[in-house]
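Topology and contacts: notes
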Amino acid sequence: MFVLGTAGHIDHGKSALVQALTGVDPDRLAEEKKRGMTIDLGFAWLKLPGGPEIGIVDVPGHERFVRNMLAGAGGIDIAMLVIAANEGIMPQTREHLAILDLLGISRGLVALTKQDLVDAEWLDLIKMEVEELLKPTTLAGAPIVPVSAITREGLPELLSTISSLLQNAHPRPDKGRPRLPIDRVFSIAGAGTIVTGTLLDGSLTVGQEAEIVPSGVRAKIRGLQSHKSGLDHLLPGSRAAVNLMNVNTDDIPRGEILTSPGWLIPSTVLSARLRVLADARRPLPHNAERNIYILAAEAVAKIRLLETDEIKPGQNSLVQLILDRPLAIVDGDHFVIRSTGETLGGGVIIDAHAARLPRFKPEILEKLRVREKGSPEDLVMGLLSKSRTLGLVDIIKGLPLEKDVIVQSIQELLNRGLLIPIGDGDAVVYYSLPGWQHLQRDAKAALAEYHLKYPLRSGMPAAELVKRLKLGKTAPLVFSRWQHEKVLVADGATLRLPEFTVKLNPSQNSQIDAFLKSLAANPYAPLGDNI
């Protein structure tokens, strides 16, 4: 599942283009329809020709609503920068592009709307200006597609371009730690409280317990929807609507994170790398207070500069962000800072639970630069995402970290339930929680397929399942654990699903009944040819 987000100046045709593509009007508020402008986030979805269904987040273009734009931009996979051909590059075009750049969004395109209002010569001139605008950003070289929502000219080319951009895109990884930044909260009569957002880093399942962080509110998931279809299970990257039990809308502020309980801890001190935009009006001084936006949340941050007294426009530095209230952040999250209606810069969180650090200390700065490559826990999980299962020796060889740091990280991941150990002592190997869950699903699917194909057999030979799942030497330990967890049942050398029993069809039952009657009537007669 992928999410496309619009960006661009007010009245450049973002919502009209979304409606032309999807048939869904993303402007849902009465005030938006009255004023003819997008105020808050709008949502739609689109089935690409011969490709996947994608979610669409339509953001407001007016400068007064950039904070709402930021609430929807954090979870997008592909950006569509919308520029009206008759007006060209405008202030919010530049600001929205800068935000996409700061958020590290590198997959995207430009839709040159209202092409029916200009001639070919003007269109070529605007294209050249847009190419120059994109060059210093993450969207450098992005395709530019002229289009008209009124005449529908260019829409097939636009759809084809979106499809091609997603051809080699990888789905968001399942890290076993679901995070849904809440960008909308409302209630429906008869259903109760609904929250929406883009699901990151893990999956959600109907019936599971959930926690709203940082408020700490607990709830149970009653229902899940994506693109107005009810589902039992949602994977990372999905635009989701989550129906919650035992919680009121007033208890859930926008910007909070819906997640599984017990692991996501709010913080007020963050270490990060911050870049000031090249066109910022002035340098950023030490201890400046600015508004900070992370995913759908916002706060005020005092910015402590760790290696300089000011960050000049176009430069970056290691910093600490001291927040005025706790936020639920993880390492690697992107952020944006703004002040008095101006986007100043942004960057990436290096340590989401930092201690307050002294300034200008070379050894501390060097440790932050090493950690910038990823937290030890993230590096371990990343390594396991490439190799399904690894032992401690393999993990030590695969990571540029000291052994005690790796051992501590593994223990932390075990405590959080994100690693599954198989075996004992030096022979133990680790699965990531998502890898283990995927392996279980594959095993259940293989057994279900076998039972369907061979309904009269007691189960699949264990050796066959080992081969299907490519388990190797860990197979006996894996099967033993699954048997303990009632994932499967072992009958001698065969394996079956717990709910499976041999079932005869009516014809077979009829033959057995006939045989038993014949045997009862003539117990010593030889068997006939038809028995």
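Presented here is an overview of the structure given in this document. Given the structure is predicted, the values throughout are model-derived calculations rather than measurements.

Along the chain, D331 falls in the loop between β22 (316-327) and β23 (334-339). Using a relative accessible area of 15% as the deciding quantity, one classes D331 as buried. Within polar-contact distance, the side chain of D331 engages the backbone nitrogen of A352 at 2.7 Å. Among all residues touching D331, those that are not within four sequence positions of it are I349, I350, D351, A352, R371, S375 and D378.

Read from one edge of the open sheet, three strands run β28-β30-β29, paired in antiparallel fashion. The open sheet is flanked by β28 (460-461) and β29 (489-491), the only strands paired with a single partner.

Read around the closed barrel, the six strands follow the order β17-β22-β20-β19-β23-β24; overall the barrel is antiparallel. Averaged over all adjacent pairs, the angle separating strand axes in this sheet is 45°, with direction ignored. As paired strands, strand β19 (residues 288-294) and strand β20 (residues 297-305) are joined by seven bridges and run antiparallel to one another. Note on β20: the bridge partner recorded for I292 is A299. Docked against the sheet, helix α4 (residues 91-102) engages β17 (267-276), β23 and β24 (342-351), running at close to 10° with respect to β24.

The subject of this paragraph is the nonpolar core. Counting 38 residues, the largest nonpolar core has I395, L465, V478, F479 and W482 as its most contacted members. At the level of elements, α8 (376-386), α10 (403-415), β26 (419-422), β27 (429-432), α11 (433-453), α12 (462-469) and α13 (475-484) are the ones that each hand at least two residues to this core. Top contributing element to this core by residue count: α11, with seven residues. In this structure, V478 is in contact with I422, Y431, W436, L439 and L471, ignoring residues within four places of it in sequence. Formed by 33 residues, the second largest nonpolar core is a distinct cluster that contains I257, L270, A297 and L323.

Conventions adopted
- Residues numbered from 1 in each chain as written.
- Predicted model: local features only at pLDDT ≥ 70, side-chain atom pairs only at ≥ 80, totals over all residues.
- Heavy atoms only, no water.
- Helix = DSSP H or I, 4+ residues; strand = E, 2+ residues; numbered from the N terminus.
- Buried < 20%, exposed > 50% of the residue type's maximum accessible area, 1.4 Å probe, protein only.
- Polar contact = N/O pair within 3.5 Å; in protein donor to acceptor, adjacent residues only side chain to side chain.
- Contact = heavy atoms within 4.5 Å.
- Pairing = 2+ DSSP bridges.
- Axes fitted to C-alpha atoms, helices over the stretch in contact; angles between N-to-C directions.
- Core = buried A, V, L, I, M, F, W, Y, C linked by side-chain atoms within 4.5 Å.

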